[in-house]
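Summary of the model geometry
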Amino acid sequence: MEIFHIGAECYPVAKVGGLADVIGSLPKYQNSEENKVRVVIPCYQTTFRSENDFECVHWGKLKLGNFNFPFSVLKETSNKLGFELYLIEIPELFDRPNIYNYRDDIERFLSFQIAALDWITGRSSIPDIIHCHDHHTGLIPFMKKYCPKYDKLKNIPTLITIHNGLYQGIFTFNKLYYLPEFDLINIKELEWGNCINSLATAIKCADQVTTVSPSYLNEINHSDNGLETLFQRVRHKSKGILNGIDTDVWDPEKDPMLEINYSAETIDDGKLKNKEQLCTVFNMNPAKPLFSFIGRLYNEKGADLLPKIVSTALTIFKEEINILILGYGDVEIENQLKQLLSIYSGNYNAYIGYNEELAHKTYASSDFILIPSRVEPCGLNQMYALRYGTIPIVRRTGGLKDTIVDFEDNGNGICHDQASVEDVCDSMKRALDLYKNKENINQIRIKGMTIDHSWKNVSQEYIELYNLIIAKTYES
Ligand code: GLC
């Protein structure tokens, strides 16, 4: 089977969040003798692009309404990622350092989708399945189905995976003329809330909808994302599949980003040695338990609670604990976190930015990882933490609910129900008690390290789903 994954991010090529980790690892585990997997993302101005070799396999001109953009398709030549990587280079729109947050994001991602479809349609072999990820690729199922230009792909089934339903790629009908020609009888498929909604369009037009955890699928039927009734309508073609992780990249025994590698047998010493190094950098005492937060600083991740969590916890537990925060995002939250630096120096530190190596080191060094998310479609941090023997402290929501069970219920982590400072501090109190009981904490750490969250089984689940929708397409 020939599978195309199309998305906005792919680790290690271009990463903002977990979307990149998934698109950079699921394809690797799907690639086999029988399954040829190709990944297509835009060509941003990233280090990976400049430091690796590519060959141009196609060039063309795409039409976005009245605008024409030249584009080329670059194939990574070494194949070292474990799948074929194709970058769509549209110099005027993507030759920039960041992935998102430009004023012309709608034009950028629409052009990307058009270029991808132009290229795939023109190839000599057509794929068996097109797997789209999030709203940046949400118009592909529509265009493929209704634009005569892509007739050749008309019967190729599409699947949309929703990594985050809060972002939907919404724009007004004034920009309808950007889309390649289609019979206006189908215009209603694009509409949600009187606008063109890319995610809603994908949900309507794709043959299969998946969310990145079963609990998130249940939640989006009633949660506050504006698409609740649409989700209810497509229940029959929806499935929640829990993400996996790349256990080659996330392996404390072999991780090249760590100076001291360790296993479940050597965790006690291994974690302490890693912690000693990290604490030297961040001016903290390694004898104290280390609580960390790693991630984007947005309200949906509960990051707005962090400044208050830091001040409350360090007031209640005085000098007993250390807190380290790694992330960037909302400038207001960043500033608040920076302001606390001088007040709690010695017990608290923050790295404002994105640093993959530091993230690995922090998982290895921390005793507990704080994940106070308001919304968490899957969450990969808790799975990385478990693998590194770091105990997750999570709010019971989405994928966190599907992966973490409280240790008092014989589980692998610490859970609470509210995204509130009180609930998080209460969990930290229980964590601190647990930390003092060496035997108990080690048992829970080791339990976490032995859980298998690799893509091995999950990637197969997707293949089965592909086969199912391919079979259905032939039936109809
Ligand atoms: C998004 C979600 C996160 C999920 C990731 C990968 O970043 O917010 O919960 O783990 O995508 O699917």
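Residues numbered from 1 in each chain as written. Predicted model: local features only at pLDDT ≥ 70, side-chain atom pairs only at ≥ 80, totals over all residues. Heavy atoms only, no water.

Looking up the protein in an unreviewed UniProt entry gives the name Glycogen synthase, with the organism given as Flavobacterium aquariorum. On record in UniProt, under Pathway (unreviewed entry), the comment for the protein is "Glycan biosynthesis; glycogen biosynthesis." (UniProt positions renumbered as here; feature names shortened; annotations may be inferred.)

What follows is about the sheet that holds strand 7 (residues 158–162). Pairing within the open sheet is mixed, and its 9 strands lie in the order 3-4-5-2-1-6-7-11-12. Unpaired on one side and paired on the other, strand 3 (54–64) and strand 12 (238–240) mark the two borders of the sheet. Going across the sheet, the axis of each strand differs from the next one's by a mean of 20°, ignoring polarity. Sheet topology note: the strand 1 (residues 2–6)/strand 6 (residues 129–133) ladder contains 4 bridges and is parallel. Each residue of the ladder has a partner; that of His-5, found in strand 6, is His-131. Of the strands in this sheet, strand 7 and strand 11 (208–211) are in contact with helix 6 (residues 198–205), which crosses strand 7 at around 135°. (Pairing = 2+ DSSP bridges. Helix = DSSP H or I, 4+ residues; strand = E, 2+ residues; numbered from the N terminus. Axes fitted to C-alpha atoms, helices over the stretch in contact; angles between N-to-C directions. Contact = heavy atoms within 4.5 Å.)

Turning our eyes to something else, we now look at the domain arrangement of the protein. Each assigned domain of the protein is listed with its residue range as follows: domain 1 (2–244 + 456–475) and domain 2 (267–452). A C-alpha centroid distance of 33 Å is found between domain 1 and domain 2. Each partner contributes residues to the interface: domain 1 has 20 residues there, and domain 2 has 17 residues. Surface buried jointly by domain 1 and domain 2 totals about 1,600 Å² across both partners, of which 52% is contributed by carbon and sulfur atoms. At the surface where domain 1 touches domain 2, the tally comes to 1 salt bridge. (Domains from an automatic or database assignment. Buried area = accessible area lost by both parts, 1.4 Å probe. Salt bridge = Lys/Arg side-chain N within 4 Å of Asp/Glu carboxyl O.)

This next bit is on the packing of helix 9 (residues 267–282) against helix 12 (residues 356–365). Between helix 9 and helix 12, whose axes approach to 8 Å, the crossing angle comes to 125°. In terms of orientation, helix 9 and helix 12 fall into the oblique class. Taken as a pair, helix 9 and helix 12 cross one another with a handedness that is left-handed. Contact residues: Lys-271, Asn-274, Lys-275, Leu-278 and Phe-282 in helix 9; Leu-358, Lys-361, Thr-362, Tyr-363, Ala-364 and Ser-365 in helix 12. For the contact of helix 9 with helix 12, a count of residues per class yields 5 nonpolar, 3 polar and 3 charged. (Parallel < 35°, antiparallel > 145°, perpendicular 65-115°, else oblique. Left-handed = near helix turned anticlockwise from the far one by under 90°. Nonpolar A, V, L, I, M, F, W, Y, C, P; charged D, E, K, R; others polar.)

We now examine helix 6. For helix 6, the buried fraction is high: 8 of the 8 residues fall into the buried class. Every buried residue of helix 6 is accounted for by Ser-198, Leu-199, Ala-200, Thr-201, Ala-202, Ile-203, Lys-204 and Cys-205. A distance of 3.1 Å separates the backbone nitrogen of Leu-199 from a side-chain oxygen at the start of helix 6, and that oxygen is part of Asn-197. (Buried < 20%, exposed > 50% of the residue type's maximum accessible area, 1.4 Å probe, protein only. Polar contact = N/O pair within 3.5 Å; in protein donor to acceptor, adjacent residues only side chain to side chain.)

Attention now goes to the packing of aromatic side chains. Per the stated rule, a full pass over the model turns up 19 aromatic pairs. Aromatic pair Phe-94 and Phe-112: ring centres 6.4 Å apart, planes at 70°, arrangement edge-to-face. A residue pair is termed long-range when its members are at least 10 positions apart, and Phe-94 in helix 3 (residues 91–94) and Phe-112 in helix 4 (residues 105–122) qualify at 18 residues. Across the pair, exposure class does not vary: Phe-94 and Phe-112 are buried alike. Plain terms: the ring middles of Phe-291 and Phe-368 are 4.9 Å apart, the flat faces sit at 20° to each other, and that makes the pair stacked. Of this pair, Phe-291 sits in strand 13 (residues 290–294) while Phe-368 sits in strand 16 (residues 368–371), and the two are 77 residues apart along the sequence. Both residues of the pair, Phe-291 and Phe-368, belong to the buried class. Following the ring pairs from residue to residue traces out a cluster consisting of Tyr-44, Phe-94, Tyr-100, Phe-109 and Phe-112. The residue whose ring lies beneath Arg-96 is Tyr-102, and the NZ or CZ to ring-centre distance is 4.8 Å. (Phe/Tyr/Trp six-rings, centres within 6.5 Å; stacked < 30°, edge-to-face > 60°. Lys NZ or Arg CZ within 6 Å of the ring centre and 35° of its normal.)

Attention shifts here to the pairing of strand 17 (residues 391–395). Strand 17 sits mainly inside the fold: 5 of its 5 residues count as buried. Neither face of strand 17 is open: one carries Ile-391, Ile-393 and Arg-395, the other Pro-392 and Val-394, and all of them are buried. Two strands pair when backbone bridges link them, and strand 16 and strand 17 are joined in this way by 4 bridges, in the parallel orientation. Paired with Phe-368 across the two strands is Ile-391, which belongs to strand 17. Since strand 16 and strand 17 lie parallel, the crossover through helix 13 (residues 381–387) that links them has a hand, and here it is right-handed. In this structure, strand 17 lies alongside strand 18 (residues 414–416), joined through 3 bridges in parallel fashion. When the sheet's bridge partners are listed, Arg-395 is paired in strand 18 with His-416. Remark: the strand 17/helix 14 (residues 398–403)/strand 18 crossover connection has right-handed handedness. (Right-handed = clockwise from strand over helix to strand, strands pointing away.)

With omega at 5°, the peptide bond leading from Tyr-11 into Pro-12 counts as cis. As for its position among the elements, Pro-12 is in the loop between strand 1 and helix 1 (18–30). Despite not being glycine, Asp-134 shows a phi value in the positive range, around 60°. Relative to the helices and strands, Asp-134 resides in the loop between strand 6 and helix 5 (140–146). You will see that Asn-410, though not glycine, has its phi angle at about 70°, which is positive. Turning to its location among the elements, Asn-410 is positioned in the loop between helix 14 and strand 18. Overall, the relative accessible area of 63% leaves Asn-410 in the exposed class.

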